[in-house]
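The chain contents come next:
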Amino acid sequence: MSEIQAAGSDDEFVGGDDLSPHVLRGAYGRFPSGVAAVCAVIDGEPTGIAASSFVSVSLEPALVSVCVALTSTTWPLLRRAQSLGVSVLADAHASTARALASQVPDRFAGIEWVRDSSGAVFIAGAALWLNCSIYEQVRAGDHEIAVLAVNRIKMHSSVSPIVFHDSQFHRMARSGPYPSS
């Protein structure tokens, strides 16, 4: 183990009053993530949000989670649904992710989607579909952590997921995984 030497302002810790939402958003953006769409049919219409905070939680029971801002006007509608469709968006879905993250009235304009018999909505061409129901909701700061029970899955293994990093969408490199050793 070696001691890290600070070489300049880029290497210094920031804290206290300097931890503004702007600084934190930039810092959190250093961690690349996938993007999931969380959708359902509400009052006869497809309704959904984009979440880059999607994460697996547990294998037994099968649980995943997303974090949703308390200011969201869509999440209160979605949490009424019996089932939610979680679609891990593919590398061709940058415009879909932007639309689902926007405040436009018809977020689904031009988006190809599928509804299952439970009312869950899935984005066509996604890397993974999860039919979920709400397991638990926990308020955490300015967000709500929605823990979702996974009821059914459909994997599309030939589809590469989109990656969100530094507030931009990226494609995964096609060079393959690192060798295991």
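No experiment lies behind these values; they were computed from the predicted model shown.

Colleague: Residues and numbers for the environment of Ile 111, please.
Modeller: Looking at where Ile 111 falls in the secondary structure, it is placed in the loop between α3 (94-101) and β6 (113-115). Judged by relative accessible area, which is 12%, Ile 111 ranks as buried. In the structure, Ile 111 is positioned 16 residues away from Ser 95 in sequence and 8.9 Å away in space, judged by C-alpha atoms. Excluding its chain neighbours within four sequence positions, the residues that come into contact with Ile 111 are Thr 96, Ala 99, Leu 100 and Ile 123.

Colleague: Give me the lowdown on the sheet that holds strand β3 (residues 55-58), citing residues and values where you can.
Modeller: Spatially, the seven strands line up as an open sheet ordered β2-β1-β5-β8-β9-β4-β3, and their pairing is antiparallel. Where the open sheet ends on each side, the last strands, each with one partner, are β2 (45-51) and β3. Strand-to-strand twist of the sheet, defined as the mean angle between neighbouring strand axes without regard to direction, takes the value 40 degrees. Judged from the seven bridges that link them, strand β1 (residues 36-42) and β2 form a sheet pairing that is antiparallel. Looking at β2, one finds that Val 41 is bridged to Pro 46. Here α3 sits on the sheet in contact with β1 and β2, set at roughly 105 degrees to β2.

Colleague: Before we move on, can you summarise the pairing of strand β8 (residues 128-140) with the specific residues and values?
Modeller: Looking along a regular strand, one sees side chains alternate from face to face of the sheet. For strand β5 (residues 84-88) and β8, the ladder comprises five bridges, and the chain directions are antiparallel. Within β8, the position partnered with Gly 85 by the bridge is Asn 131. Where β8 meets strand β9 (residues 143-155), 12 bridges bridge the pair, whose relative direction is antiparallel. From the neighbouring strand, Gln 137 faces β9, where its bridge partner is Ala 146. The hairpin turn running from β8 into β9, its antiparallel successor, is two residues long, and Gly 141 in that turn takes a positive phi close to 65 degrees.

Colleague: Any details on the packing of aromatic side chains? Residues and values, ideally.
Modeller: Scanning the model with the defined rule gives two aromatic pairs in all. Look at Phe 108 and Trp 113: their rings are 6.2 Å apart centre to centre, the planes differ by 70 degrees, and that puts the pair in the edge-to-face class. Considering the side-chain rings of Phe 122 and Trp 129, the 5.1 Å spacing of their centres and the 25 degrees angle between planes classify their relative orientation as stacked. For the pair Phe 122 and Trp 129, one class covers both residues: buried.

Colleague: Describe the side chain of Asp 116, naming the residues involved and giving the relevant values.
Modeller: For Asp 116, the location among the structural elements is in the loop between β6 and β7 (121-123). You can call Asp 116 buried: its relative accessible area is 18%. Only 2.7 Å separates the side chain of Asp 116 from the side chain of Ser 118, close enough to count as a polar contact. Polar contacts involving the side chain of Asp 116 include one to the side chain of Asn 131, which spans 2.7 Å. When near neighbours in sequence (up to four residues on either side) are disregarded, Asp 116 contacts Phe 122, Asn 131 and Arg 152.

How each quantity is defined
- The written sequence of each chain sets the order in which its residues are numbered from 1.
- A pLDDT threshold of at least 70 governs which residues receive local features in this predicted model, and a stricter bar of 80 or more applies before side-chain atom pairs are shown or counted, although totals over entire chains, interfaces and linings include all residues.
- Computation of side-chain values: all heavy atoms of the structure, hydrogens and water removed.
- Per the convention used, a helix needs a DSSP run of H or I reaching at least four residues, while a strand needs a run of E reaching at least two, with both numbered from the N terminus.
- A simple rule labels every residue: compare its accessible area, found with a 1.4 Å probe on the protein chains alone, to the largest value its type can have, and call it buried under 20%, exposed over 50%, or partly exposed in between.
- Note on contacts: a residue pair is in contact if any heavy atoms of the two residues lie within 4.5 Å.
- In this description, strands pair whenever DSSP reports at least two bridges between them.
- All axes are obtained by fitting lines to C-alpha atoms, using only the stretch in contact for helices, and the reported angles, taken between N-to-C directions, cover 0 to 180 degrees.
- Note on aromatic pairs: the rings of Phe, Tyr and Trp (six-membered ring only in Trp) are paired at centre separations within 6.5 Å, and the planes decide the class, stacked below 30 degrees, edge-to-face beyond 60, tilted for the rest.
- For the purposes of these results, a polar contact is taken to be a pair of N or O atoms within 3.5 Å, where, inside protein, one atom must be able to donate a hydrogen and its partner to accept one; residues adjacent in sequence count only when each atom of the pair is a side-chain atom.

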